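# Survey of secondary and tertiary structure
The primary structure of each chain is shown beneath.
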Amino acid sequence: MRPEDGPDGRQRSFIVFNLRGPAGSPRFDTADGERDIIAPLNSALSEGQRTGEFGDFGPTVLARLIRDSIDGIAAVRIGGGSGAAGVGAARS
């Protein structure tokens, strides 16, 4: 069994998905929360462009795509389902 398949992996994902801010609202359910969670990816992608390792693309868009993919896979693995309905839904 891989670590992410066991109880510890499910618990970590549960904590991240349900993390609350001081007012009790979901921490990563807002535009600010989304920016916080994709900031490391955005930074790495931007740095890769700056150094010439990556070509021209929107680093924030790709960071969101990567993060939504990770969240979708985590939702399927945690829920045991075959899809991730509602995870990574379109945002305005």
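What counts as what
- Residues numbered from 1 in each chain as written.
- Predicted model: local features only at pLDDT ≥ 70, side-chain atom pairs only at ≥ 80, totals over all residues.
- Heavy atoms only, no water.
- Helix = DSSP H or I, 4+ residues; strand = E, 2+ residues; numbered from the N terminus.
- Buried < 20%, exposed > 50% of the residue type's maximum accessible area, 1.4 Å probe, protein only.
- Contact = heavy atoms within 4.5 Å.
- pLDDT = per-residue confidence, 0-100.

## Observations regarding the overall build of the protein
Across its full length, the protein carries three helices and zero strands. When the helices and strands of the protein are placed in sequence order, the string is α-α-α. Expressed as a percentage of the 92 residues in the protein, the buried residues total 16%. Within the protein, contacts between residues separated by at least 24 positions form 28% of all contacts whose residues are at least 6 apart in sequence.

## Quick notes on the environment of Thr 60
Considering the arrangement of structural elements, one finds Thr 60 in helix H3 (residues 59-79). Residue classification places Thr 60 among the partly exposed positions, given a relative accessible area of 37%. Sequence separation between Thr 60 and Leu 41 is 19 residues, and the spatial gap between their C-alpha atoms is 8.3 Å. Leaving out residues up to four positions away in the same chain, Thr 60 has contacts with Ile 38 and Asn 42.

## Considering the confidence of the model for the protein
With 63% of its residues at a pLDDT of 70 or more, the protein shows a mean pLDDT of 75. Summarising per-element confidence for the protein, the mean pLDDT is lowest in helix H1 (residues 7-18) (69) and highest in helix H2 (residues 31-50) (87).

## Some thoughts on the environment of Asp 68
Tracing the backbone through its elements, the reader meets Asp 68 in helix H3. Along the primary structure Asp 68 and Ile 38 are separated by 30 residues, whereas in three dimensions their C-alpha atoms are 9.7 Å apart.

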